[in-house]
Amino acid sequence: MDWWKDALIYQIYPRSFQDSNGDGIGDIPGIISRLDHLQELGVDAIWLSPVYQSPNADNGYDISDYREINPEYGTMEDMERLIAEARDRGIRVIMDLVINHTSTEHYWFRRSRDKTSPYADYYYWARGGADGSLPNNWTGFFGEDCWEFDPERCEYYLHLFAKSQADLNFHNPAVLEEVKDILRFWLDKGVAGFRCDVINILWKDSLDSSKKKLSLTGSEHYLTLEGTHDILRQLRAILDEYGAFTVGEAVCVIPETARALCGRDRHELDMVFSFEHMDCDQYKVKWIKRKFRPKVFFDCLVRWQRELEWNTLYLENHDQPRSIPRFGSEAHWKESGKLLAALLLTMRGTPFIYQGQEIGMLNFDFTRMRQLDDVESKNVERTMRRLHLPQKLRWKLIARTSRDNARTPYQWTAERGAGFSDARPWLGINHNHETINLAQQREDPDSIFHWYRDLIALRRERPALRRGDFEALETGDQVFAYRRSLEGEALTVVLNFSGKAAQSGQRGRILRSNLGREGGFDGTLQAWEAVILE
Ligand code: ISL
Ligand code: CA
């Protein structure tokens, strides 16, 4: 029961995982060819970022057909084979469900341009002001206006993301029926569940203008409203027929709103991805970074551990820069990479590993805007230019925060092409693949990869690490210590988030140390040391 509580889930960004046919783009046969790697790591389920048909304005988060596979990634047969081959290895497949918006190339949208078509109300259409103003003053997630004029319909449509991602109108019951059919289509194919994209913004209560904010003006009209809860309960009924699982990406949630989305008694989602811990190193908007203060981060994690019955645990995904330069230290690459693994794999909740995290992949060494692909980075750069930010500063902000940092191809080997592809890859390969790659780490028992494997196995052996209670013991400026306990079994985790030695009040026998230490623990920690005590 609740298999996902004992699971380790691995996120695949298909475009960057493995190319199988030499076009420089990752694909489904490529994923199939790497299932053995995932099995060796100890993965129970994979979440695939979108593989549906899409013009790729936002790399698949702009879907033009929910029942077709993007030909760049393969065919429906390939997808069915992936589900079957994964199942043979005990690995479940979770699809990304993007239903807040579709691509403007979806036929629903194309037909919606005609006010007399059955699709006329599938999206949010509105007239602008007589003075040429937009229908309201909301601002979107990609740092721009969120209305686009359609010359055919002579109205504007709402897009909270890129302008080719039009928001679906759930006030029209037909839209929800479409979504239900899509769920059944994929569940019938044997997928185990869905990661639901920006799931807490589906319902817009009105299109009224609102008070101007630094970001997301208008968001009180769609963040986690009752209409969304109602939609989720209706979807749950279908998911339950299949025993399927859902994790929802929930933007701007606090523990209280998160509980309303995934509390047991709510019958909505099983878990949510929240963002507060990812916001710890930023000032109001993610582009403006501030110094990472470990204590703020620890306190945030502890609060969520306390307030939610069950959390998702993640430090990376396809929208975030890599975790080592952010929360660890590139100068202590291996130690801090292992320390972050220890954090991820010993808290209470379901851990998600993002591809490449298990070998300590780092941010890309971009030097020019031209090397980037991400629609968000490009839009935000344009907005910064409009605000007259100097080029140097724009570049500094973008290079550090761009989502492309985590989207570079997987580093399988030290060879040219990194074992990802023989062709020119769709996005640059990090030059450090000569030293950071799976082939090398598989040979090295002391590598980040083997440490991940070992901790994943430990988590499987120790019920306290999976289901045990969480108790915070120390949240200092450097040291984070907590205890996981279940029916008489207790393990203590002590982490030094700094390049300097530190002291902790914890004692015990060392079960695991990222520096290979054994024996008794007297409270002294080396730089970036992580220990698990018994
Ligand atoms: O990039 C972000 C995280 O800092 C957010 O602004 C992000 O856009 C938001 O979390 C929503 O993300 C999801 O929906 C987007 C898509 O671009 C992202 O890749 C996806 O994870 C629109 O579908
Ligand atoms: Ca390919």
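Residues numbered from 1 in each chain as written. Chains lettered and ligands numbered in written order. Predicted model: local features only at pLDDT ≥ 70, side-chain atom pairs only at ≥ 80, totals over all residues. Heavy atoms only, no water.

A. Molecular detail of the overall build of the protein chain. The helix and strand inventory of the protein chain stands at 15 helices and 25 strands. A globule of 534 residues ought to have a C-alpha radius of gyration of about 24 Å, and the protein chain, at 23 Å, matches this closely. Reported as C-alpha extents along the three principal axes, the dimensions of the protein chain are approximately 75 × 55 × 50 Å. Here the protein chain, with 534 residues, has 62% of them falling under the buried criterion. In the protein chain, the share of contacts with a sequence separation of at least 24, taken over all contacts with a separation of at least 6, comes to 67%. Accessible surface, the protein chain: about 20700 Å² in total, of which carbon and sulfur atoms supply 48%. With 70 positive and 82 negative side-chain charges, the protein chain shows a separation of 5 Å between the mean positions of the two kinds. (Helix = DSSP H or I, 4+ residues; strand = E, 2+ residues; numbered from the N terminus. Rg over C-alpha atoms; globule rule 2.2 N^0.38 Å. Buried < 20%, exposed > 50% of the residue type's maximum accessible area, 1.4 Å probe, protein only. Contact = heavy atoms within 4.5 Å. Areas by Shrake-Rupley, 256 points an atom, 1.4 Å probe, with all protein chains shown as cover. Lys, Arg positive; Asp, Glu negative; His and termini not counted. Charge placed at Lys NZ, Arg CZ, Asp CG, Glu CD.)

B. Structural view of the packing of aromatic side chains. Evaluated as defined, the whole model comprises 36 aromatic pairs. With centroids separated by 5.7 Å and ring planes inclined at 75°, the aromatic side chains of tryptophan 125 and tyrosine 157 adopt a geometry described as edge-to-face. Residue tryptophan 125 is found in strand 7 (residues 125-126), and its partner tyrosine 157 is found in strand 9 (residues 155-158); the two are separated by 32 residues along the sequence. With centroids separated by 5.1 Å and ring planes inclined at 80°, the aromatic side chains of phenylalanine 185 and tryptophan 186 adopt a geometry described as edge-to-face. When its relative accessible area of 23% is taken as the criterion, phenylalanine 185 is described as partly exposed. Relative accessible area serves as the criterion here: at 0%, tryptophan 186 is assigned to the buried category. (Phe/Tyr/Trp six-rings, centres within 6.5 Å; stacked < 30°, edge-to-face > 60°.)

C. Fine view of the environment of alanine 86. Here alanine 86 is to be found in helix 3 (residues 76-88). Accessibility expressed as a relative area gives 0% for alanine 86, which makes it buried. For the pair alanine 86 and isoleucine 532, spaced 446 residues apart in sequence, the C-alpha to C-alpha distance is 32 Å. Ignoring sequence-local partners within four residues, the contact set of alanine 86 consists of Leu35, Ile91 and Val93.

D. Layout of the coordination of the calcium ion (ligand 2). In the first shell of the calcium ion (ligand 2), the protein supplies Asp19 (OD), Asn21 (OD1), Asp23 (OD), Ile25 (O) and Asp27 (OD), at 2.2 to 2.3 Å from the metal. All donors of the calcium ion (ligand 2) belong to a single chain; written as a sequence motif, their spacing is D-x1-N-x1-D-x1-I-x1-D. For aspartate 23, a relative accessible area of 33% gives the class partly exposed. Given the relative accessible area of 11%, isoleucine 25 is considered buried. (Donors = N, O, S within 2.8 Å, 3.2 Å for Na, K, Ca; no water.)

E. Representation of the site of ligand 1 in the model. Lining the immediate environment of ligand 1, one finds 19 residues, of which Asp58, Asp197, Glu249, Lys286 and Asp319 sit closest. Between an oxygen atom of ligand 1 and a side-chain N or O atom of histidine 101, the distance comes to 2.9 Å. Lysine 286 is positioned such that a nitrogen or oxygen atom in its side chain is 2.9 Å from an oxygen atom of ligand 1. Within the complex, the protein chains bury 94% of what would otherwise be the 500 Å² of accessible surface of ligand 1. Of the residues belonging to the shell around ligand 1, the class tally is six nonpolar, four polar and nine charged. (Near = heavy atom within 4 Å. Polar contact = N/O pair within 3.5 Å; in protein donor to acceptor, adjacent residues only side chain to side chain. Nonpolar A, V, L, I, M, F, W, Y, C, P; charged D, E, K, R; others polar.)

F. Quick look at the side chain of serine 16. Topologically, serine 16 is positioned in the loop between strand 1 (9-12) and helix 1 (28-33). With relative accessibility at 0%, the residue serine 16 sits in the buried group. A distance of 2.5 Å separates a polar side-chain atom of serine 16 from the backbone oxygen of arginine 407. Beyond its immediate stretch of four places on either side in the chain, serine 16 contacts Gln355, Arg407, Thr408, Pro409, Tyr410, Phe420 and Trp426.

G. Helix 5 (residues 173-188), seen in detail. Compared with the 22 Å implied by 1.5 Å per residue over 16 residues, the 23 Å span of helix 5 between its first and last C-alpha is a close match. Measuring from the backbone nitrogen of alanine 174 back to the side-chain oxygen at the start of helix 5 gives 2.9 Å, which picks out asparagine 172 as the cap. One or two residues past the end of helix 5 sits glycine 190, with phi positive at roughly 100°. (Expected span 1.5 Å × (residues − 1).)

H. Just the layout of surface pockets, in detail. The computed volume of the second largest pocket comes to approximately 650 Å³. Grouping the constituent residues of the lining of the second largest pocket by class yields six nonpolar, six polar and seven charged. (1 Å grid on protein atoms, 1.4 Å probe; cavity = no way out; pocket = protein on both sides within 12 Å on 5 of 7 lines; lining within 4 Å. Points joined across faces, edges and corners; volume = space filled by probe spheres on them.)

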